[in-house]
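Structural characterization, general
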Amino acid sequence: MLTYDFENIDGPIYEYIYKCIKTDILAGNIPPGAKLPSKRNFANNHGLSTITIQNAYDQLISEGYVYTLPKKGYYVAEIQGMTNRAVPSGHITYDIAIPKKETYEIDFSGNGVSSDNFPFSVWTKISREVMAGKKEELMRTAPVCGVWELREAIAEHLKSFRGMIVDPNQIVMGAGTEYLYGLLTELLGNDKEYVIESPGYKKLVQIYRHRGIECRFASLDMEGVTVNGLEQSGADVAHICPNHHFPTGITMPASRRYEVLAWANEKDGRYIIEDDYDSEFRTEGKPIPTLFSIDACEKVIYMNTFSKSLSPTIRISYMVLPVHLINLFFHKFHFYSCTISNFEQYTLAEFIRQGYFEKHINRMRLYYMRKRRQVMEIIQRSSLVPYCEIRENDSGLHFLLKLKTLIPDHTIEEKLLEHGIRILALSDYDLLYEENKAHYFIINYSNLNVEKIEHAFGVIETILKKETVKQ
């Protein structure tokens with residue numbers, strides 16, 4: 001007869017009995033083929049109801065631990081490979097190596113957005129409206145490209161802000177650009193060669209390599225990626241940032257844009273992935289027209305995200321495909337589901353449609369212009385001036401600071417890390433491994449307060465002075 005302690009039970013009794021018997025079976029205490037007590041005997045022995053025992057046995061039967069024979073009773077099933085296995089008690093700890101994210105007191109390489117600048121009150125209001133007014137829509141499965149309302153709102157935004165005339169059905173939504181890059185490689189084919197600008201965004205290399213694609217690299221000049229670099233790469237697909245290149249900040253002029261388009265038109269199967277990240281925060285004048293808007297031969301794939309304009313934690317990105325590619329996309333991926341929840345999509349759609357996104361962008365552009373001016377003034381009035389030179393650009397949330405020194409870039413980075421300050425050099429983004437003695441460092445000021453920036457520049461000055469004296 002099975003006997004268990006029924007004092008201090010937390011939860012239903014039948015569930016406790018089920019767990020006790022299951023534990024004994026897995027531990028080998030009740031061998032395969034053993035007959036379990038009848039419901040009546042088990043119940044009478046413990047002062048319980050037969051219904052309670054029935055529920056416990058039924059659960060064991062449904063999970064395959066026990067089987068029943070008509071008019072004979074309940075028997076333990078033969079569970080291959082499961083007997084003598086330790087059963088977790090409910091509190092377990094495994095040795096799992098989770099990568100730790102480094103934190104720094106001051107991080108000039110971060111791309112975060114201050115929580116003070118997110119429109120929480122408006123977002124909350126719209127969220128409530130969506131919950132109350134779109135109950136049916138929220139329960140429907142979104143198409144692979146995303147809900148129509150959001151794609152329509154983005155199409156209107158692109159028309160007014162970027163001068164792009166697109167059909168909402170050309171737009172594909174995705175939870176982050178990394179996901180969309182993966183879709184693109186499947187759409188265009190893994191047999192194609194990809195080229196990335198150097199210096200450039202190293203994460204792109206990791207993403208493409210993870211998809212089995214070995215990237216090639218093209219050099220830049222003061223007007224952006226060079227056609228000579230594209231030709232020498234021998235690539236089919238060029239992934240470039242013509243509107244605000246990261247990390248140099250270069251904006252490609254119209255003449256170079258047409259040269260790059262001509263390169264794409266020279267051969268069938270060539271495409272340009274135009275990454276428009278960070279273009280909303282141009283500090284002077286109107287944004288330069290996108291490559292997509294001047295492309296007449298369906299060679300440009302436009303990509304953007306709301307990570308910088310709203311928040312990195314809002315994993316909503318999108319791409320605009322040429323007509324022949326969007327038709328191929330629907331043919332190949334029609335069975336996929338959109339990776340963004342309907343709730344977020346409808347909320348963002350209303351945020352854009354009601355004009356809040358445009359207001360937010362205008363407010364943030366003014367905020368970042370003032371912040372940028374503050375950072376420039378800190379440098380200009382500091383005693384760091386003899387040791388540095390600012391390389392300006394008209395957009396984005398970072399600029400380059402050239403340090404007049406012979407100290408290697410990695411040495412400066414290591415010295416600053418000792419003070420809890422993280423900074424990256426332009427040379428860290430060099431993908432062609434060319435010798436770089438310019439000593440340009442990236443100053444991303446979007447989520448740093450003035451006091452921290454002043455302190456960091458003071459530490460930089462101290463390091464440069466000490467090393468200069470040693471030399």
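Below, the structure is looked at part by part. None of the values given here were measured: they were computed from a predicted structure.

**Looking at the overall build of the protein**
Along its length, the protein carries 16 helices and 16 strands. Along the three orthogonal principal directions, the C-alpha set of the protein runs to about 90 × 60 × 45 Å. Looking at the protein as a whole, 49% of its 471 residues qualify as buried. Across the protein, contacts joining residues at least 24 apart in sequence account for 73% of those joining residues at least 6 apart. Averaging the locations of the 53 positively and 60 negatively charged side chains of the protein gives two centres separated by 3 Å.

**Things to note about the nonpolar core**
Phe108 and Phe457 are the most contacted members of the largest nonpolar core, which has 85 residues in total. Ranked by residue count, the leading element in this core is helix α14 (residues 356-381), at 8 residues. Non-local contacts of Phe457, meaning those with residues more than four positions away in its chain, are made with Phe108, Val375, Ile378, Ile379, Leu384, Leu401 and Ile443. With 30 residues, the next largest nonpolar core counts Leu188, Cys215, Val237 and Ile326 among its residues.

**Regarding the packing of aromatic side chains**
A full pass over the atoms with the stated rule returns 23 aromatic pairs. When the centroid spacing of 5.8 Å and the interplanar angle of 75° are considered together, the rings of Phe329 and Phe330 count as edge-to-face. Judged by its relative accessible area of 1%, Phe329 is buried. On the numbers, 5.0 Å between centres and 75° between planes, the contact of Phe335 with Tyr336 is edge-to-face. A residue is classified by how much of its surface remains accessible, and Phe335, at 57% relative accessible area, is exposed. Through successive ring pairs, a cluster of aromatic residues spans Phe118, Phe120, Trp123, Tyr302, Phe306, Tyr318, Phe351, Tyr356 and Phe357. Over the aromatic face of Tyr271 sits the side chain of Lys299, whose NZ or CZ is 5.6 Å from the ring centroid.

**So, unusual backbone geometry**
Residue Pro199 is reached from Ser198 by a cis peptide bond, and omega for that bond is 0°. Not every positive phi belongs to a glycine, and Glu298 is a case in point at roughly 55°. Note that Glu298 resides in the loop between α11 (291-294) and β10 (300-305). The exposure class of Glu298 is partly exposed, given its relative accessible area of 31%. Of note in this structure, His439 is not a glycine but carries a positive phi near 60°. Mapped onto the elements, His439 comes out in the loop between β15 (424-425) and β16 (440-444). Judged by its relative accessible area of 10%, His439 is buried.

Thresholds, definitions, all that
- Residues numbered from 1 in each chain as written.
- Predicted model: local features only at pLDDT ≥ 70, side-chain atom pairs only at ≥ 80, totals over all residues.
- Heavy atoms only, no water.
- Helix = DSSP H or I, 4+ residues; strand = E, 2+ residues; numbered from the N terminus.
- Buried < 20%, exposed > 50% of the residue type's maximum accessible area, 1.4 Å probe, protein only.
- Contact = heavy atoms within 4.5 Å.
- Lys, Arg positive; Asp, Glu negative; His and termini not counted.
- Charge placed at Lys NZ, Arg CZ, Asp CG, Glu CD.
- Core = buried A, V, L, I, M, F, W, Y, C linked by side-chain atoms within 4.5 Å.
- Phe/Tyr/Trp six-rings, centres within 6.5 Å; stacked < 30°, edge-to-face > 60°.
- Lys NZ or Arg CZ within 6 Å of the ring centre and 35° of its normal.

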